[in-house]
Amino acid sequence: IVTEMGWDTRDSEYDSYRGIRASIQAYLPRKSFGSPRSFERILLSAEDYRSLGLKLKLKTLFALATLSDNGPFHWFSQMSGTFPFSGLRPTRYIDRSLVSLATELRWKSLGALTLFGYANMGTVSSSLKKALEERYKLGVGVGAEIHLTRFRVRAFRAELGIFGGELTFNSTLGFPIS
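Now for a quick tour of the structure. Here the structure is a predicted model, which is why all the values come from computation and not from measurement. Counting from 1, residues in each chain are numbered in the order their sequence is written. For this predicted model, a pLDDT threshold of at least 70 governs which residues receive local features, and a threshold of 80 or more governs which side-chain atom pairs are given and counted, while totals over whole chains, interfaces and linings are taken from all residues. Side-chain numbers here rest on the full set of heavy atoms in the structure, without hydrogens or water.

Once that is clear, we can look at unusual backbone geometry. Here the phi dihedral of Leu54 falls at roughly 50 degrees; this positive angle occurs in a residue that is not glycine. Residue burial is assigned from relative accessible area. The probe radius is 1.4 Å, only protein chains are included, and a residue is buried under 20% of its type maximum, exposed over 50%, and partly exposed in between. The class for Leu54 is exposed, based on a relative accessible area of 77%. You will see that Lys55, though not glycine, has its phi angle at about 65 degrees, which is positive. Within the fold, Lys55 resides in the loop between strand 3 (41–53) and strand 4 (56–67). The helix count covers DSSP runs of H or I at least four residues long, the strand count covers runs of E at least two residues long, and both are numbered beginning at the N terminus.

With that settled, the discussion passes to a nonpolar patch on the surface. Exposure above 30% relative accessible area and the absence of a salt bridge qualify a residue for a patch, where like charges join within 9 Å and nonpolar side chains (Val, Leu, Ile, Met, Phe, Trp, Tyr) within 5 Å. All accessible-area figures derive from a Shrake-Rupley calculation using a 1.4 Å probe, and residue coverage is judged against the displayed protein chains alone. In the sections that follow, a salt bridge refers to a side-chain nitrogen of Lys or Arg positioned within 4 Å of a carboxyl oxygen of Asp or Glu. A cluster of nonpolar residues, Met5, Ile24, Leu44, Phe62, Leu101, Met121 and Leu138, forms a patch on the protein surface that exposes about 600 Å² of accessible area. Counting through the fold element by element, Ile24 comes out in strand 2 (residues 19–27). A relative accessible area of 36% means that Ile24 is categorised as partly exposed.

Okay, the environment of Leu67 next. Checked against the element boundaries, Leu67 lands in strand 4. Overall, the relative accessible area of 4% leaves Leu67 in the buried class. Every residue pair with non-hydrogen atoms within 4.5 Å of one another is taken to be in contact. In contact with Leu67, not counting residues within four places along its chain, are Phe39, Glu40, Arg41, Pro72, Trp75, Phe76, Arg96 and Ser97.

Okay, the packing of aromatic side chains next. Ring pairs are drawn from Phe, Tyr and Trp, using the six-membered ring of Trp, whenever the two centres fall within 6.5 Å, and their geometry is named by plane angle: stacked under 30 degrees, edge-to-face over 60, tilted for the rest. Evaluation of the coordinates by the stated rule reveals five aromatic pairs. These aromatic residues form a ring-pair network of at least three members: Tyr27, Phe39 and Trp75. A cation sits over an aromatic face here: Lys57 above Tyr17, 4.9 Å from the ring centre. By the criterion adopted, a ring carries a charge over it if an Arg CZ or a Lys NZ lies within 6 Å of its centre and within 35 degrees of its normal.

It is worth spelling out the environment of Leu105 at this point. Relative to the assigned elements, Leu105 resides in strand 7 (residues 97–108). The sequence separation of Leu105 and Gly164 amounts to 59 residues, and the corresponding C-alpha distance is 20 Å. Beyond its immediate sequence surroundings of up to four residues, Leu105 is in contact with Leu52, Leu56, Lys57, Leu58, Leu115, Phe116 and Gly117.

Here the focus is the sheet that holds strand 4. Across the sheet, which stays open at both edges, the nine strands sit in the order 1-2-3-4-7-8-9-10-11 with antiparallel pairing between neighbours. Edge positions in the sheet fall to strand 1 (2–8) and strand 11 (166–174), since each of these pairs with one other strand and no more. Recorded for the sheet is a direction-independent mean angle of 15 degrees between the axes of neighbouring strands. Two strands are said to pair when DSSP picks up at least two bridges between them. Pairing of strand 1 with strand 2, which is carried by seven bridges, proceeds in the antiparallel orientation. Counterpart to Gly6 in the pairing with strand 2 is Ser23. Helix axes use the C-alpha atoms of the stretch in contact, all axes being lines fitted to C-alpha atoms, and the angles between their N-to-C directions lie in the range 0 to 180 degrees.

Next up, the structure:
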């Protein structure tokens, strides 16, 4: 059983400058419906986009995820995989529960080029209670994104920063984080 409720007032799905997107998802596989095991996974996220003028925008993301004790490993939360999170490779921090807050200031500078700076914090832990009580890892960094089509659907993205005391560099080719 999968259920999702959401609210989306963003002005664009791919390049938002204003609006809010919030959702809650519940994955509830049951043996009685043919699943190999029964478990629960809950995902909660909220994104806020604000235009600051002069081609500047501020994006803020809050995310929370939790998986019951009998959930399989491939359903574990990843600090930068379950939800978009700048400056971190997807499998660096992974566990049953996740709490994170990220913000990104973006400047659409020249044509297809977007420059950005980000700050984020988060943690993963074996339970939601522990994740809420943990010491959060902090990160800051800068980056650039080049959109490969005029529709701003595919992009090359590079990020350089510090997260949890570690120097990070990431590059991706795919869909923009928006």
